[in-house]
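Commentary on secondary and tertiary structure
Here is what each chain is made of, one letter per residue.
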Amino acid sequence: MSDQLFPKGEPAAPDWFTGAAFVNMLFPDSSGLLDCQVYDVVFEPGARNKWHSHPGGQILLVTDGVGYYQEKGQPSKRLIKGDIVPIPPNVTHWHGAAPDNSFTHIGISPNTSKGAAAWFDEVNDEQYSQATGEAAIILTAGNWQL
Ligand code: MN
């Protein structure tokens, strides 16, 4: 049962994703007034972004489905509606859907004037199946200690 909060956006840039994902820019902050962008991302089952990092950090607010978040060299974390993921600046990570579930999060990118995300290799099928098969920690809203 989908509980989509915002309309599904445009197909995400294929250079940055594996599988189908959609981005709705909720607050592009075109004027730079708040130095912060807000957007909604929908991942179809199996879809995920490539390894990447954000110079200004990122916050994910999970609104629907089941997904995963993983920092390089760390166990993945399984995410459900209500989970909050603060991502420190310049930490390499990926986020995306479970193999058998779609996944939706709001993304907040503060400090956008520090520059665009840096994009690296794709999360290959072996990394993805390992991450989604042995996720160790189930987050609940607010329990993440940064
Ligand atoms: Mn990210």
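Residues numbered from 1 in each chain as written. Predicted model: local features only at pLDDT ≥ 70, side-chain atom pairs only at ≥ 80, totals over all residues. Heavy atoms only, no water.

Notes on the overall build of the chain
Counting its secondary structure elements, the chain contains 1 helix and 13 strands. Going from the N terminus to the C terminus, the chain shows its helices and strands as β-β-β-β-β-β-β-β-β-β-β-β-α-β. For the chain, with 146 residues in total, the buried portion stands at 42%. Sequence separation of at least 24 residues holds for 72% of the intrachain contacts in the chain that already meet a minimum separation of 6. Summed over its atoms, the accessible surface of the chain is roughly 7,500 Å², and 55% of this surface lies on carbon and sulfur atoms. (Helix = DSSP H or I, 4+ residues; strand = E, 2+ residues; numbered from the N terminus. Buried < 20%, exposed > 50% of the residue type's maximum accessible area, 1.4 Å probe, protein only. Contact = heavy atoms within 4.5 Å. Areas by Shrake-Rupley, 256 points an atom, 1.4 Å probe, with all protein chains shown as cover.)

Observations regarding the coordination of the manganese ion
Coordination of the manganese ion by the protein is provided by His52 (NE2), His54 (NE2), Gln58 (OE1), His93 (NE2) and His95 (NE2), with metal-donor distances spanning 2.2 Å. Read in sequence order, the donor residues coordinating the manganese ion give the pattern H-x1-H-x3-Q-x34-H-x1-H. Placement of the pair is His54 in the loop between β6 (52–53) and β7 (58–71) and His95 in strand β10 (residues 93–97), with a sequence separation of 41 residues. Comparing His54 with His95, the two get one shared label, buried. (Donors = N, O, S within 2.8 Å, 3.2 Å for Na, K, Ca; no water.)

A word on the nonpolar core
Ranked by size, the top nonpolar core spans 15 residues in total, and within it Phe43, Tyr69, Leu79, Val85 and Phe103 carry the most contacts. Listed by contribution, the elements that provide at least two residues to this core are β4 (36–43), β7 and β9 (84–87). In this structure, Tyr68, Trp94, Val123 and Ala131 belong to the second largest nonpolar core, which totals 8 residues. (Core = buried A, V, L, I, M, F, W, Y, C linked by side-chain atoms within 4.5 Å.)

Quick word on the pattern of salt bridges
All told, the structure shown has 2 salt bridges when counted by the stated rule. The shortest N-O distance in the salt bridge between Lys8 and Glu44 comes to 3.7 Å. One end of the pair, Lys8, is in the segment before β1 (10–11); the other, Glu44, is in the loop between β4 and β5 (48–49), and 36 residues separate them in sequence. Classification of Lys8 as partly exposed rests on a relative accessible area of 46%. (Salt bridge = Lys/Arg side-chain N within 4 Å of Asp/Glu carboxyl O.)

A short note on helix α1 (residues 125–133)
Of all the positions in α1, only Tyr128, Ala131 and Thr132 are classed as buried. The buried residues of α1 occupy one face: seen down the axis, they fall within an arc of 90°. Among the exposed residues of α1, those oriented more than 90 degrees off its buried face are Glu126 and Gly133. On its buried face, α1 is in contact with β5, β7 and β10. Near the N-terminus of α1, the side chain that reaches the backbone nitrogen of Glu126, with its oxygen 3.1 Å away, is that of Asn124. (Arc of directions from axis to C-beta. Polar contact = N/O pair within 3.5 Å; in protein donor to acceptor, adjacent residues only side chain to side chain.)

Focus on unusual backbone geometry
In this structure, Asp35 is a non-glycine residue whose phi angle is positive, near 55°. Checked against the element boundaries, Asp35 lands in the loop between β3 (21–27) and β4. For Asp35, a relative accessible area of 24% gives the class partly exposed. With a phi angle near 65°, Asn90 is a residue other than glycine that sits in the positive phi range.

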